[in-house]
There are 2 protein chains.
Amino acid sequence: MTLTQLRYLVAIADSGLNITLAAEKVHATQPGLSKQLKQLEDELGFLLFVRKGRSLDAITPAGVQVLENARRILAEVNNVRSYAANHRRESHGELTLATTHTQARFVLPPAIAEVKRSYPQVGIHLKPAGEGEVLASLAKGQADLAVISTAGDPPADGLAIPLFRWKRVLLVPRGHPLADAGQAPTLETLARHPLISYDSSVRPESSLRRAFAAIGLEPQIALTAHDADLIKTYVRAGLGAGLLAEMAVTARDVEELVVLPAPPQLPECMTWALLPHGRVLRDYAVELLHALAPQLDRHDLRRVLAGNLEADWPTPPTWVELSQAITV
Amino acid sequence: MTLTQLRYLVAIADSGLNITLAAEKVHATQPGLSKQLKQLEDELGFLLFVRKGRSLDAITPAGVQVLENARRILAEVNNVRSYAANHRRESHGELTLATTHTQARFVLPPAIAEVKRSYPQVGIHLKPAGEGEVLASLAKGQADLAVISTAGDPPADGLAIPLFRWKRVLLVPRGHPLADAGQAPTLETLARHPLISYDSSVRPESSLRRAFAAIGLEPQIALTAHDADLIKTYVRAGLGAGLLAEMAVTARDVEELVVLPAPPQLPECMTWALLPHGRVLRDYAVELLHALAPQLDRHDLRRVLAGNLEADWPTPPTWVELSQAITV
DNA sequence: CGCGTTTACGTCGTTCGTAACGATA
DNA sequence: TATCGTTACGAACGACGTAAACGCG
């Protein structure tokens, strides 16, 4: 068993059992992977994949088990490499962030700029995805760090660092019935208007639906997108009232549209940085965390990351506080 | 970075920084290890050991960190190997048990015989050690499984499987003052007699000392040994009253000496099987666990070992119940 | 017939062991 | 001078890539 074999195994699994594709990903040739896979199977004494003709058709149950361990092993190896790179103060590297569109578009830019300033040689990659995919690619080691939002509890697995709290806002065109009030509508009022919001709001367990369900109503979700810019476009087109994260409101939106608070029954949300337990981050990744959450001390961060102990995080600031602190 | 390099690194660390000795342990030559270590250090970019002249003098702080990860990685690799060997129903292998003398001498024999019957090709190694060393060698991966006793809570780290409960007994020669009563002496009475017990009883936090301290007394520990047989020898020599685990009492002891219950203030003890979280055991090791704790279902065991979930163990039987069940 | 995997083969790099050397107590 | 680690070198092994063969849709 070699680390190369395990790396190839994982690459094959992550390429949908296509050895040729996997070979490209690991910068090797297809016969090389094929042979190493065979050798690994020979050593273990059983097949890791079931073959259908010549192609790989599925992972065997034993293969799933081995794959899991292989991921853990490779993750630890990566930890050593990260630790070593930090130790020798290497200032170049890659940083892959798995995150949702809203974070990438409205939250991360200043933080990333900050990191880029301190570490100009770091290549930063944004991996936009839905919430589920974010968690998956984080767990698979395809991203170093994830930044996502939830309306309630922190995600179960891994280390969740609370970054800031935020509220939803309503965005309506000038002259829209909701705009006249100039204040947050009630849920009952809101239920009478078509809404434009995120894809996630159609899920029955979404906080939006639950808030409405609590008073026996159902929102009219006219249109959904995972892209706040798209939502705004349709708001401008008069298709409905946009319900989106306050972070997504730009100065231009304030000029051209009407921004209202969302009904108070909609719970406050939290944005989290996520990473698996025990993962060692490069210094620039810690720097990113610090840029995202200035209320957290760099050393405390390091300690929690290293020690794996559940930290008593201070109550994170609201988005308003945070963005004011940044612009000031 | 290769698994070989990590294996060599760990071997060097576990050989007291003696490369020559480490080379023998891993069945390789000394220059081989020396070179691989150098290569690893080159790749990581810093020294793992501080050199004093030509010899290795100490591990660097960074080396400690890398060593930790290396152990984790190698442990996972071993898990894969064990899993594979189980999967192909391999019936040979090695089983190393870290345990104390009393367990090895009086508790394990029938269980080991049972395993040997089902798996004659398995080489079983007993690694006798004090309690601290047991935990250390288990964590270092030098033992597959540990069996130890405590008077109170289960050991903190790793998975602790309660095997059975047991009491201490007093062993005195015929005609000893304590023998006349024919029943358990009080702590006060016991305090007036010299005692012969285990090494561990001299620790101030030992349950023995604490029980005496609770009533403001101190036991007279005349002699200690980690070996129950030694204790008995000195009891026979009339040097004092032996205070030892009931498992250590043989039929011959009952004939030749007087066995009394210990004062009821001495808490009941528990014998545990210990293994680190996430360690995959060979089938014969699970068989050993089952032989030691017949009250536990093999499949439940497997599930807990695999799932890593804290099990709600059933209350384990007492040693008396357990040994009767075995002899019957 | 194209796609993807396996097999075959030659080359290159790496590892390993032996042997000699260096340093240290 | 004995012990231990490093360097040097040659042999053997193993990995990799190219090229060709094989199956399947």
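Rules used throughout
Residues numbered from 1 in each chain as written. Chains lettered and ligands numbered in written order. Predicted model: local features only at pLDDT ≥ 70, side-chain atom pairs only at ≥ 80, totals over all residues. Heavy atoms only, no water. Buried < 20%, exposed > 50% of the residue type's maximum accessible area, 1.4 Å probe, protein only. Helix = DSSP H or I, 4+ residues; strand = E, 2+ residues; numbered from the N terminus. Arc of directions from axis to C-beta. Polar contact = N/O pair within 3.5 Å; in protein donor to acceptor, adjacent residues only side chain to side chain. Near = heavy atom within 4 Å. Contact = heavy atoms within 4.5 Å. Buried area = accessible area lost by both parts, 1.4 Å probe. Salt bridge = Lys/Arg side-chain N within 4 Å of Asp/Glu carboxyl O. 1 Å grid on protein atoms, 1.4 Å probe; cavity = no way out; pocket = protein on both sides within 12 Å on 5 of 7 lines; lining within 4 Å. Points joined across faces, edges and corners; volume = space filled by probe spheres on them. Nonpolar A, V, L, I, M, F, W, Y, C, P; charged D, E, K, R; others polar. Domains from an automatic or database assignment. Phe/Tyr/Trp six-rings, centres within 6.5 Å; stacked < 30°, edge-to-face > 60°. Pairing = 2+ DSSP bridges. Axes fitted to C-alpha atoms, helices over the stretch in contact; angles between N-to-C directions. Core = buried A, V, L, I, M, F, W, Y, C linked by side-chain atoms within 4.5 Å. Least-squares fit on C-alpha atoms with pLDDT ≥ 70 in both. Parallel < 35°, antiparallel > 145°, perpendicular 65-115°, else oblique. Left-handed = near helix turned anticlockwise from the far one by under 90°. pLDDT = per-residue confidence, 0-100.

### A closer look at helix H10 (residues 228-236) of chain B
All names here are of chain B. Of all the positions in H10, only Ala-228, Ile-231, Lys-232 and Val-235 are classed as buried. Along the long axis of H10, the arc covered by the buried residues comes to 100°, so they all point the same way. Taking the backbone nitrogen of Asp-229 as reference, a side-chain oxygen 2.8 Å away marks Asp-227 as the first, capping residue of H10. Just downstream of H10, Gly-238 is the residue with a positive phi angle, here 80°.

### With respect to the protein's contact with DNA strand C
In the vicinity of DNA strand C lie 20 residues, with A:Ile19, A:Thr20, A:Gln30, A:Ser34 and A:Arg54 positioned nearest. Of what DNA strand C places within 4 Å of the protein, 69% of the atoms are sugar or phosphate. Between DNA strand C and B:Thr29, the relevant distance is 3.0 Å, taken from a phosphate oxygen to a side-chain nitrogen or oxygen of the residue. B:Gln39 has a polar side-chain atom sitting 3.3 Å from a phosphate oxygen of DNA strand C. For the surface near DNA strand C, the element with the highest residue contribution is helix H3 (residues 30-44) of chain A, accounting for five residues.

### Observations regarding the interface of chain A and chain B
Chain A puts 23 residues into the contact, and the matching count from chain B is 23 residues. With both chains or domains summed, chain A and chain B bury close to 2100 Å², and 69% of this area falls on carbon and sulfur atoms. Run the count over chain A and chain B and you get four salt bridges. Across the salt bridge formed by B:Glu43 and A:Arg81, the nearest N and O atoms sit 3.8 Å from each other. Where chain A meets chain B, there are eight residue pairs in polar contact (both at pLDDT 80 or more).

### Observations regarding the layout of surface pockets
Residues and elements named next belong to chain A. Approximately 920 Å³ is the volume attributed to the second largest pocket. Along the wall of the second largest pocket there are 34 residues; nearest its centre are Glu-131, Ser-149, Thr-150, Ser-200 and Arg-203. A breakdown of the residues in the lining of the second largest pocket according to their chemical character gives 13 nonpolar, 14 polar and seven charged. Mapped onto the domain boundaries, the lining of the second largest pocket takes at least three residues apiece from domain 2 (92-165 + 269-325) and domain 3 (168-261).

### What to know about the pattern of salt bridges
Working definition: two side chains of opposite charge can pair if their charged atoms are close together. Residues and elements named next belong to chain A. Inspection of every chain in the model, using the stated rule, returns 40 salt bridges over all chains. Between Lys-167 and Glu-268 there is a salt bridge whose closest N-O contact spans 3.8 Å. Of this pair, Lys-167 sits in the loop between strand S6 (159-166) and strand S7 (168-173) while Glu-268 sits in the loop between strand S11 (257-261) and strand S12 (269-275), placing them 101 residues apart in sequence. Taken together, the shared-partner salt bridges in this structure form one network comprising Arg-105, Asp-229, Lys-232, Arg-236, Arg-252, Asp-253 and Glu-256.

### Digging into the domain arrangement of chain A
Under the domain assignment, chain A is made up of domain 1 (3-85), domain 2 (92-165 + 269-325) and domain 3 (168-261). Using only C-alpha atoms to locate each centre, domain 1 of chain A and domain 3 of chain A end up separated by 46 Å.

### Description of the packing of aromatic side chains
Evaluation of the coordinates by the stated rule reveals six aromatic pairs over all chains. Between A:Tyr83 and B:Phe46, the ring centres sit 6.5 Å apart and the planes meet at 80°, which makes this aromatic pair edge-to-face. Taken as a pair, A:Tyr83 in helix H4 (residues 61-87) and B:Phe46 in the loop between helix H3 (30-44) and strand S1 (49-52) lie in two separate chains rather than in one. According to the relative accessible area criterion, A:Tyr83 is partly exposed, its value standing at 22%. With 5.7 Å between their ring centres and 70° between their planes, B:Tyr119 and B:Tyr284 make a pair best called edge-to-face. Linking B:Tyr119 in the loop between helix H5 (101-118) and strand S4 (122-128) with B:Tyr284 in helix H12 (residues 283-292), this pair joins segments that are 165 residues apart in sequence. Grouping residues by exposure puts B:Tyr119 and B:Tyr284 together as buried.

### Side note on the sheet that holds S12(A)
Residue and element names in this part refer to chain A. Spatially, the five strands line up as an open sheet ordered S4-S3-S5-S12-S6, and their pairing is mixed. Each end of this open sheet is capped by a strand with a single partner; those strands are strand S4 (122-128) and S6. Here the strands of the sheet are splayed against their neighbours by 20° on average, with no regard to which way each runs. As judged from the seven bridges shared by S6 and S12, these two strands associate in the antiparallel manner. Bridging from a neighbouring strand, Arg-165 pairs with Met-270 of S12.

### So, the nonpolar core
Judged by nonpolar contacts, the single largest core of 62 residues is most densely connected at A:Leu9, A:Leu44, A:Leu48, B:Leu9, B:Leu44 and B:Leu48. Only helix H1 (3-14), helix H2 (19-25), H3 and H4 of chain A together with helix H1 (3-14), helix H2 (19-25), H3 and helix H4 (61-87) of chain B provide two or more residues apiece to this core. What A:Leu9 contacts, discounting residues up to four positions off in sequence, is A:Leu37, A:Leu40, A:Leu48, A:Phe49, A:Val66, A:Leu67 and A:Ala70.

### A few points about the protein's contact with DNA strand D
In the vicinity of DNA strand D there are 20 residues, among which B:Ile19, B:Thr20, B:Gln30, B:Ser34 and B:Arg54 approach most closely. At 3.3 Å, a side-chain N or O of A:Gln36 approaches a phosphate oxygen of DNA strand D. Between DNA strand D and B:Thr20, the relevant distance is 2.5 Å, taken from a phosphate oxygen to a side-chain nitrogen or oxygen of the residue. If you list the elements that add at least two residues to the surface near DNA strand D, you get H1 and H3 of chain A together with H2 and H3 of chain B. Top contributing element to the surface near DNA strand D by residue count: H3(B), with four residues. Tallied by class, residues from the surface near DNA strand D come to six nonpolar, 10 polar and four charged.

### Description of the relation of the copies chain A and chain B
Note on the copies: chain A fits chain B at an RMSD of 0.0 Å, the axial shift is 0.0 Å, and the rotation between them is 180°. Given the turn and translation reported, the copies of this chain are related as if by a two-fold rotation axis. Using C-alpha coordinates, one finds that chain A approaches the rotation axis most closely at A:Ile73, a distance of 2.7 Å. By residue overlap, the copies meet face to face through one surface: 100% of the interface positions of chain A are interface positions in chain B.

### So, the packing of H1(B) against H4(B)
All names here are of chain B. Running from N to C, H1 and H4 point in directions that differ by 120°, and their axes come no closer than 9 Å. The angle between H1 and H4 falls in the class oblique. Considering how the two elements wind past one another, H1 and H4 form a crossing that is left-handed. Residues Leu-3, Leu-6, Arg-7, Leu-9, Val-10, Ala-13 and Asp-14 of H1 touch H4, and the partners they reach there are Val-66, Leu-67, Ala-70, Arg-71, Ile-73, Leu-74 and Val-77. A per-class count over the contact of H1 with H4 returns 11 nonpolar, no polar and three charged.

### Brief notes about the confidence of the model for chain A
Model confidence for chain A is summarised by a mean pLDDT of 91, while 98% of its residues fall at 70 or above. In the model of chain A, helix H14 (residues 319-327) of chain A stands out as the element of lowest mean pLDDT, 81, in contrast to strand S3 (residues 93-99) of chain A, which has the highest, 96.

### Examining the pairing of strand S2 (residues 55-59) of chain A
All names here are of chain A. When strand S1 (residues 49-52) meets S2, the two strands line up antiparallel, connected through four bridges. Considered in S2, the bridge of Val-50 is made with Ala-58. Following S1, the chain reverses through two residues before pairing antiparallel with S2; Gly-53 in that reversal takes a positive phi of roughly 65°.

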